[in-house]
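# Descriptive analysis of the structure
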Amino acid sequence: MQDWIINVMDQYGYIGVALLILIENLFPPIPSEIVLTFGGFMTTVTSMNMWMVSLFATIGSVAGAVILYYVGRLVSPHKLGLFVDKWGHILRVKKSDLKKADDWFTRRGKITVFLCRFIPVVRSLISIPAGVARMNLPAFLLWTSLGTAIWNIVLVYLGALAGENWQLINEYVNTYSFLIWIVIAAVLIIY
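So, here's what we can say about the structure. (Residues numbered from 1 in each chain as written. Predicted model: local features only at pLDDT ≥ 70, side-chain atom pairs only at ≥ 80, totals over all residues. Heavy atoms only, no water.)

### Comments concerning the overall build of the protein
- A tally of helices and strands in the protein yields nine helices and zero strands.
- Going residue by residue from the N terminus, the α and β elements of the protein occur as α-α-α-α-α-α-α-α-α.
- Evaluated residue by residue, the protein yields a buried proportion of 41% over its 191 residues.
- Residue pairs at least 24 apart in sequence account for 74% of intrachain contacts in the protein once pairs closer than 6 positions are excluded.
- When the accessible surface of the protein is totalled, it reaches about 10,800 Å², and 70% of it is carbon and sulfur. (Helix = DSSP H or I, 4+ residues; strand = E, 2+ residues; numbered from the N terminus. Buried < 20%, exposed > 50% of the residue type's maximum accessible area, 1.4 Å probe, protein only. Contact = heavy atoms within 4.5 Å. Areas by Shrake-Rupley, 256 points an atom, 1.4 Å probe, with all protein chains shown as cover.)

Right, here's the structure in full:
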C-alpha cells in the first residue's frame, strides 16, 4: 500500500495528496501518517511546497469529514433508538444513554471534534456522531478544519525535517497511537 500511496503522490502532486487524505478519512485503515510525512519529504526533493501540501491535505480531510458527517445525519434518533432496543443489551447501551450522549455532545461537541482530530482512527469516525447529534455544520467545519490543519501541518513539517528518513516519523506516530489506545481502553474499563 505504501508504494501505491507514494506513486499517487508522485504522479498527481497536490491533488494526489487531497485525494489520498479524503480516502483515508473514509477508510481509516489507510494511514494519514504515511501520506503526510511522505508529502513533507516530497517538499524537500520536488517543487512541492509544505504549506500547499498541508492545505490540500486539509481540503481532502475536511471533504471526507463532511461526507461522514452526512452519513451520520442519515441516522435519525428514532432509527438509533430502534437499534438500541434491538441490540443495546449486547452493547450494554440503553435509550437513556443515547439522551445523555446527545446532551453531552451538544455541550461539548466542538472541543470533542477538535481534539478527536489528533487521535488515530477516531480522527475520521468522530464525524459520524457529530452528524447524528445534528451538530451545527459551520461549527463542525470550523473545529474539524482547525484540528485537521494542525495535525497536517505538524506531520508534513516533520516529514520535511526527517527528509529521506520520513518513515521514522511513522514509527513515532504508531507509538503515540498505541499509547492513545491504551489510555482510551483504560478509561473505558474504568467507566
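Structure's up, so let's keep going.
### As for empty space enclosed by the protein
- Counted according to the given criterion, the structure contains one cavity of 30 Å³ or more.
- Space inside the largest cavity adds up to approximately 50 Å³.
- Lining the largest cavity are Ile21, Glu24, Ser32, Leu36, Ser61, Arg123, Thr148, Trp151 and Asn152.
- The element that contributes the greatest number of residues to the lining of the largest cavity is helix α8 (residues 137–162), accounting for three residues.
- Looking at the lining of the largest cavity residue by residue, the class counts come to three nonpolar, four polar and two charged. (1 Å grid on protein atoms, 1.4 Å probe; cavity = no way out; pocket = protein on both sides within 12 Å on 5 of 7 lines; lining within 4 Å. Points joined across faces, edges and corners; volume = space filled by probe spheres on them. Nonpolar A, V, L, I, M, F, W, Y, C, P; charged D, E, K, R; others polar.)

### Re α8
- Over its 26 residues, α8 runs 37 Å from end to end, which matches the ideal 38 Å to within 8%, given 1.5 Å per residue.
- Among the residues making up α8, those that are buried are Ala139, Phe140, Thr144, Gly147, Thr148, Trp151, Asn152, Leu155, Val156, Gly159 and Ala160.
- Near the N-terminus of α8, the side chain that reaches the backbone nitrogen of Ala139, with its oxygen 3.0 Å away, is that of Asn136.
- Of the residues flanking the end of α8, it is Gly163, one or two places downstream, whose phi is positive at about 60°. (Expected span 1.5 Å × (residues − 1). Polar contact = N/O pair within 3.5 Å; in protein donor to acceptor, adjacent residues only side chain to side chain.)

### Brief notes about helix α2 (residues 32–45)
- Along its 14 residues, α2 runs 20 Å from first to last C-alpha, staying within 8% of the 20 Å computed at 1.5 Å per residue.
- With twelve of 14 residues buried, α2 lies mostly within the body of the structure.
- Looking only at α2, the buried set comprises Ser32, Glu33, Ile34, Val35, Leu36, Thr37, Phe38, Gly39, Gly40, Phe41, Met42 and Thr43.

### Topic: the side chain of Thr58
- In this structure, Thr58 sits in helix α3 (residues 50–74).
- Taking the relative accessible area as the measure of exposure, Thr58 reaches 14% and is therefore buried.
- Of note is the side chain of Thr58, whose polar atom sits 2.8 Å from the backbone oxygen of Ser54.
- For Thr58, the residues in contact, after removing those within four places along its chain, are Ser145, Thr148, Ala149 and Asn152.

### Some points on the pattern of salt bridges
- Evaluation of the coordinates by the stated rule reveals one salt bridge.
- Between Arg123 and Glu24 there is a salt bridge, with the nearest N and O atoms lying 3.9 Å from each other. With Arg123 in helix α6 (residues 122–125) and Glu24 in helix α1 (residues 2–26), the pair connects residues that are 99 residues apart, well separated along the chain. Exposure class is identical for Arg123 and Glu24. Each is buried. (Salt bridge = Lys/Arg side-chain N within 4 Å of Asp/Glu carboxyl O.)

### Some thoughts on the nonpolar core
- By size, the foremost hydrophobic cluster in this structure holds 21 residues, and its most contacted members are Ile5, Met9, Val17, Leu20, Ile21, Val35 and Leu36.
- Listed by contribution, the elements that provide at least two residues to this core are α1, α2, α3 and α8.
- Aside from chain neighbours lying at most four places away, what touches Val17 is Met9, Met48, Val53, Phe56 and Ala57. (Core = buried A, V, L, I, M, F, W, Y, C linked by side-chain atoms within 4.5 Å.)

### With respect to the packing of aromatic side chains
- In this structure the tally under the stated criterion is six aromatic pairs.
- Their ring planes at 45° and their centres at 5.8 Å tell us that Phe38 and Phe41 sit as a pair that is tilted. A residue pair is termed a helical-turn pair when its members lie 3 or 4 positions apart in one helix, as Phe38 and Phe41 do in helix α2 at three residues.
- Taking the relative accessible area as the measure of exposure, Phe41 reaches 13% and is therefore buried. (Phe/Tyr/Trp six-rings, centres within 6.5 Å; stacked < 30°, edge-to-face > 60°.)

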